[in-house]
Amino acid sequence: MGIEKMLLVNIDGSMSELDKALLRCCESGCFHIEPAVSKSADQRSGGLSMLSEKNPYTPLMREMSELCRRMGIETDKTINYSEQGFDTLSDFADYLQSLRDELGALINERQECYKEISEKGATAKQLHHLMGMNTDFEQVFNCKHAHIRLGKLPIDSYDKLEYYTETFFFVPFDKDKQFYWGMYFCTKKDKIIVDEIFSSLYFERIRIPESVHGTPEREYDELCDDVNRLSLRVEEINEALVRFSEERGDEIRRIYALLRFKNNTFDLRKNVASLNGRFFMKGFIPKSRKDSFKKMFSDVNSATLSFLPPNSEPDLKIPTKLKNGWFSRPYISLVEMYGVPVYNGINPTLFVAITYTLLFGIMFGDLGQGLVVLLAGLFMTHKLKNKYGALLTRCGFSSMAFGFVFGSLFGFEHALDPVYKAIGIGEKPIEIFDKTTFILISAVAIGVGIIAISMIMNIVTGFKQRDYEKAIFGCNGIAGFVFYGSVITAVLGMLTGKSFTNTAYVILLIVIPLVCIFCRVPFSIAVKYKKWQLSEDEGEGGIGNFIVENFFEMFEFLLSYVSNTLSFLRVGGFVLCHAGMMLVVMTIMEMFAGAAQPIIAVVGNLFVMAMEGMIVAIQIIRLEFYEVFSRFYDGDGIPFEPVGESLATDIE
Amino acid sequence: MGTGSDKATITKIRAMHGKMLTPSDYKILVSKKSLSEVCECLKNHRKFAGLLSDIDVNTVRRGYLEQLIRKFNFDTFIKLRDFQHLKHEEFYNTLSLRYETEQLLALISSIFSGRKEEFIAGFPPYLIGKTKLDFPGLSQSTSIAELAKMLEGTAYKKPMEQIMQIGEGIDYLGCEIILRTHYHKRVLKSIKTDLPESDGELISKAVRRELDIRNIVNAYRMKAYFNASRSQIKDILLPFGRMGKAKTDALCECPTAQDMQDFIRVNYPVAAALFEKGDFIETQMAEINLKSSKKLLRTQSMPSVYFAFLSLCENEADNIIHIIEGIRYGLPSEKIEELLAY
């Protein structure tokens, strides 16, 4: 558990070896690139200019990506990006041309088929509404004296037709929710006026394609046949493409991956600056990789690497790389949800891993249900390759352990009794409904412990960052810790009847820490700058302002000590809630006959697992973020993103 | 205090009001560039989604879309009326009455212009079967006298007789004033007879104020654009307003449009807002009426809420039509927005 130490690396070399240098950076998998000239340093960059060339690989990559998409080749599953014989841009262009030659005809034909299917399908849909016509379109449109229009008329407008005395007919063939589908006809000499009338009635004309001649039924059938024939052809083409993908898919994937790698590597040039035929770039690497990184550049003859302390350039924010063991690694995503710690901060992942697992086990304690969660976690890890699987596995195990303590197996509260007898305990260690007070007090005690540890972490971080207000005088610093600990000890003493508070205790351990918290800003200024000042900004407000402001802040701090501690009551609450919900399931089960009981038990368990599991998971995240992280964790850091690693992730 | 079913209706209306277009919806709508975009946007709106679900946004006609929206409002009010079993109370048929009057005027206009087909084309089909007048039959009339004869057995006998009494000088404007006066008379009478006194008073106040505003706008226009005389202005004003005879006379006697503005600012401050935005006097009128309707909507009187909702829905339909028209004529979005009252 910790944060990896970093080094700032400046690399410069001949422009002719830039690609090689970038490649080495990517291959190293540990180079976090930064712009060679930061925006704020533009004025003093000493003539360095950032490279801003157009990436020549991008159009090829886009075309190849589109080709892969059309062939159904999953480019994201490419594993390796090394391919012989593909060094220059023209190698890729030639390969793409060969693919075009082989597949272009098939893909274009399929596109044409799709277009035709779409057009014919739309015509068929319209013709379907005209089925009642029973006359050839050719005959209809060839009438010498009659003017005919096919289309749809709003139902409301249909009712208005009787208002007109002009000679025309509207023959509906079909009706849907809003329209009558049909045709109107009139003599050719009345054409203009009748068209105008129908236009005013919002008649929408259907334009029948010239290829349609027969009756709507026949034409509809023919169109359907055409659509089916075209669909079959599409299937044939798809099969041919699938065969091609099977035969050449891996090769295409590999070459595409290489092309994307080249494209992305070229994109890195926007972080590189040049001057007098030499390139300059910089970035961070983990200190532990210094030697191996240096070795990788042994064949880049012109390159010079200089390693500097990470804080050498104040403009650059040092990235954070978290170090985590196997147990805490799955919890990184939870921590990152809040934010990455700053470089000189503290890595809270192990603490989160322990508390999250522990709290989940307590709140969701059931041996059987825990086993299900554990199995689900294993399934997700090994079969679905889901990163949350490992987290579930740990939580499931913890849930099983506490389930054993609570004696609960899928809600059967006495199913484990023989086991306890066998191991010599006699009965289950904790009978939930008999020990509610104990459970609630224990929950608060756990909360006190977690809050105290959070404060200690804050003190450590404060000292690391030389922030004395945070470390010593703040509400989560030494003063806050002493105050909180003393109050808790005093309360414990009062509850157990062993009161050991006296005037000295109150003054030393309660009043003085409170004064420190109240005056945390001037005290920290005094320690840091050896002078007395009420606020960081000189002249900001007077003593009155200082007292009012800090009075309310003190009030808020004191309130938060109480509310944050009591917030952990929910841990005990969920223990009771879980047991209560399972009791309901058992009661419902007993109300039904034998055959229904297993079904109710299964459904009930599934329901409780789904609902409560989710709520518990969310509640613990809430506890971690509000009660714990708010005390010591800022999450203002930036993650360490080595170029090679991100490219490899892209490719994979 | 209303009855239980009144409260149910009020709740229903308030829920429907909550689904209406909001200012932000209007801002989105005015930014659209074509009818199909407007239609698509309305199609995704909770109020119009059901109405437009089967409409092809690419082929829909402007007039048809407007007709569908008006029909939707009309159907809503028929449903609300029937929900309260108030089919036989004339007050709850106000919308039908208004549409009847509008259509009679359209028919008269088509008779004067000799373009009967224009009336049939513009006639809202959803009125068929919903009004006591036989419009298909009436549309066959070729003269005002013939129309008056056909309307003999209806509530329009008297106004048609008044129209016929004008004799040779009969014109559309004269017919309009008589028919609109008749409409307002019926509405005010129905408010008096069909509604409890307290409710009636609220609504009647709102109707009379609306009439005043309409009269002021008409008088101002006559003066500003045609420099009409006192008697010409007086002839076009509808009765029943709240302004009183003395003030109305004084308004008509104002020598210039500017004097009219000054007179209104002093003597009828509610209408002063009409002149705040220069050319957009119609929009300002709609805004004043909208304000009054929103006020009525907040009351606990069911007829007032019903009446207010009716005005709000009509205003919403007008806004949508302004947007569609604005887009059709290529107006910039800020100009279209100036035409809207919301």
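Residues numbered from 1 in each chain as written. Chains lettered and ligands numbered in written order. Predicted model: local features only at pLDDT ≥ 70, side-chain atom pairs only at ≥ 80, totals over all residues.

Focus: the overall build of chain B
No. 1: The helix and strand tally for chain B stands at 18 helices and zero strands.
No. 2: Counting all 342 residues of chain B, 31% fall into the buried class.
No. 3: In chain B, of all internal contacts separated by at least 6 residues, the share reaching a separation of at least 24 is 59%. (Helix = DSSP H or I, 4+ residues; strand = E, 2+ residues; numbered from the N terminus. Buried ≥ 20, exposed ≤ 12 C-beta atoms within 10 Å, placed from the backbone. Contact = placed C-beta atoms within 7 Å.)

A word on the overall build of chain A
No. 1: Helix and strand counts for chain A come out as 22 helices and 14 strands.
No. 2: For chain A, restricting intrachain contacts to residue pairs at least 6 apart in sequence, the fraction spanning at least 24 positions comes to 78%.

Concerning the environment of I320 of chain B
Residue and element names in this part refer to chain B.
No. 1: Summarising the element assignment, I320 is placed in helix 17 (residues 302-328).
No. 2: For I320, a count of 21 C-beta atoms within 10 Å puts it in the buried group.
No. 3: Taking the C-alpha atoms as reference, I320 lies 8.5 Å from L29; in sequence the two are 291 residues apart.

Quick look at the nonpolar core
Here is a general trend for soluble globular proteins: nonpolar side chains tend to be buried in one another's company.
No. 1: Within the largest apolar cluster, 54 residues are counted, with the highest numbers of intra-cluster contacts made by Y356, L359, F360 and M363 of chain A.
No. 2: When residues of this core are assigned to domains, at least three map to each of domain 3 (329-465 + 570-633) and domain 4 (466-567) of chain A.
No. 3: Ignoring anything within four residues of it in the chain, the contact list for F360 of chain A reads C395, S398, S399, V616 and I620 of chain A.
No. 4: Counting 41 residues, the second-largest nonpolar core is a separate cluster that includes Y156, F309, L312 and C313 of chain B. (Core = buried A, V, L, I, M, F, W, Y, C linked by C-beta atoms within 7 Å. Domains from an automatic or database assignment.)

Some details on the interface of chain A and chain B
No. 1: Each side of the interface is counted separately: chain A has 14 residues, and chain B has 15 residues.
No. 2: Elements with a minimum of two residues in the side of chain A that touches chain B: helix 5 (155-160) and helix 6 (191-200) of chain A.
No. 3: Here the residues of the side of chain A that touches chain B sort into five nonpolar, three polar and six charged. (Nonpolar A, V, L, I, M, F, W, Y, C, P; charged D, E, K, R; others polar.)

Some details on the pairing of strand 7 (residues 179-187) of chain A
Residue and element names in this part refer to chain A.
No. 1: Most of strand 7 sits out of view: eight of its nine residues are buried.
No. 2: Here strand 5 (residues 146-154) runs beside strand 7; their pairing, made up of nine bridges, is antiparallel. Of the residues in strand 7, the one forming a bridge with K152 is W181.
No. 3: Judged from the seven bridges that link them, strand 6 (residues 168-175) and strand 7 form a sheet pairing that is antiparallel. If you follow D174 over to strand 7, its bridge partner there is W181.
No. 4: Hairpin connection of strand 6 to strand 7: three residues between the antiparallel strands. (Pairing = 2+ DSSP bridges.)

Quick look at helix 10 (residues 157-166) of chain B
Residue and element names in this part refer to chain B.
No. 1: Those residues of helix 10 that sit buried are P159, M160 and I163. Viewed along the axis of helix 10, the buried residues span an arc of 100°, placing them on a single side of the element.
No. 2: Buried residues along helix 10 sit in contact with helix 9 (144-150) and helix 11 (172-194).
No. 3: Count one or two residues on from helix 10 and you reach G167, which has phi positive near 75°. (Arc of directions from axis to C-beta.)

A look at the sheet that holds strand 6 of chain A
All names here are of chain A.
No. 1: Read from one edge of the open sheet, four strands run 6-7-5-8, paired in antiparallel fashion. Whereas interior strands pair on both sides, the edge strands pair on one side only; in this sheet they are strand 6 and strand 8 (204-205).
No. 2: Alignment of strand 5 against strand 8, held across two bridges, turns out to be antiparallel. Bridge assignment links G151 to a residue of strand 8, and that residue is R205.
No. 3: The sheet contacts of helix 6 involve strand 5, strand 6 and strand 7, and relative to strand 7 the element is tilted by about 160°. (Axes fitted to C-alpha atoms, helices over the stretch in contact; angles between N-to-C directions.)

Quick look at the packing of helix 16 (residues 281-297) of chain B against helix 17 of chain B
Residues and elements named next belong to chain B.
No. 1: Packing of helix 16 against helix 17 leaves a shortest axis separation of 8 Å and a crossing angle of 145°. Relative to helix 17, the crossing made by helix 16 is left-handed. On the side of helix 16, the interface is formed by A286, N289, L290, S293, L296 and L297, while helix 17 contributes S304, V305, F307, A308, F309, S311, L312, N315 and D318.
No. 2: Split into classes, the residues belonging to the contact of helix 16 with helix 17 amount to nine nonpolar, five polar and one charged. (Left-handed = near helix turned anticlockwise from the far one by under 90°.)

Considerations on the packing of helix 14 (residues 436-464) of chain A against helix 19 (residues 543-567) of chain A
Residues and elements named next belong to chain A.
No. 1: Running from N to C, helix 14 and helix 19 cross one another at 125°; their axes reach a closest spacing of 7 Å. As judged from the angle between their axes, helix 14 and helix 19 are oblique. Counting all contacts with helix 14, which are made through V444, G447, V448 and I451, the residues of helix 19 involved are N564, T565, L566 and S567. (Parallel < 35°, antiparallel > 145°, perpendicular 65-115°, else oblique.)

Considerations on helix 16 of chain B
Residue and element names in this part refer to chain B.
No. 1: Compared with the 24 Å implied by 1.5 Å per residue over 17 residues, the 24 Å span of helix 16 between its first and last C-alpha is a close match.
No. 2: Residues of helix 16 that are buried: T283, Q284, A286, I288, N289, S293 and L296.
No. 3: Contact partners of the buried residues in helix 16: helix 12 (197-226), helix 17 and helix 18 (333-338). (Expected span 1.5 Å × (residues − 1).)

Some details on unusual backbone geometry
Residue and element names in this part refer to chain A.
No. 1: One non-glycine residue, F410, lies in the positive phi region at around 50°.
No. 2: With respect to the helices, strands and loops of the structure, F410 is situated in the loop between helix 12 (388-406) and helix 13 (417-423).
No. 3: On the basis of neighbour counts, which here come to 21 C-beta atoms within 10 Å, the residue F410 falls in the buried class.
No. 4: A positive phi angle, close to 55°, is found at R466, a residue other than glycine.
No. 5: Note on placement: R466 falls in the loop between helix 14 and helix 15 (468-473).
No. 6: Residue R466 is classed as exposed on the basis of its 10 C-beta neighbours within 10 Å.

As for the environment of F169 of chain A
All names here are of chain A.
No. 1: Position of F169 among the secondary structure elements: in strand 6.
No. 2: For F169, a count of 12 C-beta atoms within 10 Å translates into the label exposed.
No. 3: Sequence separation between F169 and I148 is 21 residues, and the spatial gap between their C-alpha atoms is 9.7 Å.
No. 4: If we skip the residues at most four places from it in the chain, F169 touches Y184 and F185.

Observations regarding the confidence of the model for chain A
Residues and elements named next belong to chain A.
No. 1: When the pLDDT values of chain A are averaged, the result is 85; 95% of them are 70 or greater.
No. 2: No element of chain A has a lower mean pLDDT than helix 22 (residues 643-651), which averages 52, and none a higher one than helix 10 (residues 349-363), which averages 93.
No. 3: Low pLDDT (under 50) marks residues 648-652, which in the prediction has nine contacts with non-local residues, meaning those over four places away or in another chain. (pLDDT = per-residue confidence, 0-100.)

Concerning the confidence of the model for chain B
Residue and element names in this part refer to chain B.
No. 1: For chain B, per-residue confidence averages 85 on the pLDDT scale, and 97% of positions sit at 70 or higher.
No. 2: Here helix 7 (residues 116-122) is the element of chain B with the lowest mean pLDDT, 80, and helix 17 is the one with the highest, 91.
No. 3: Our summary of model confidence lists the complex with pTM equal to 0.53 and ipTM equal to 0.74.

Some thoughts on the environment of T58 of chain A
No. 1: By the element assignment, T58 of chain A lies in helix 2 (residues 57-71).
No. 2: Placed 209 residues apart in sequence, T58 of chain A and D267 of chain A show a C-alpha to C-alpha distance of 9.3 Å.

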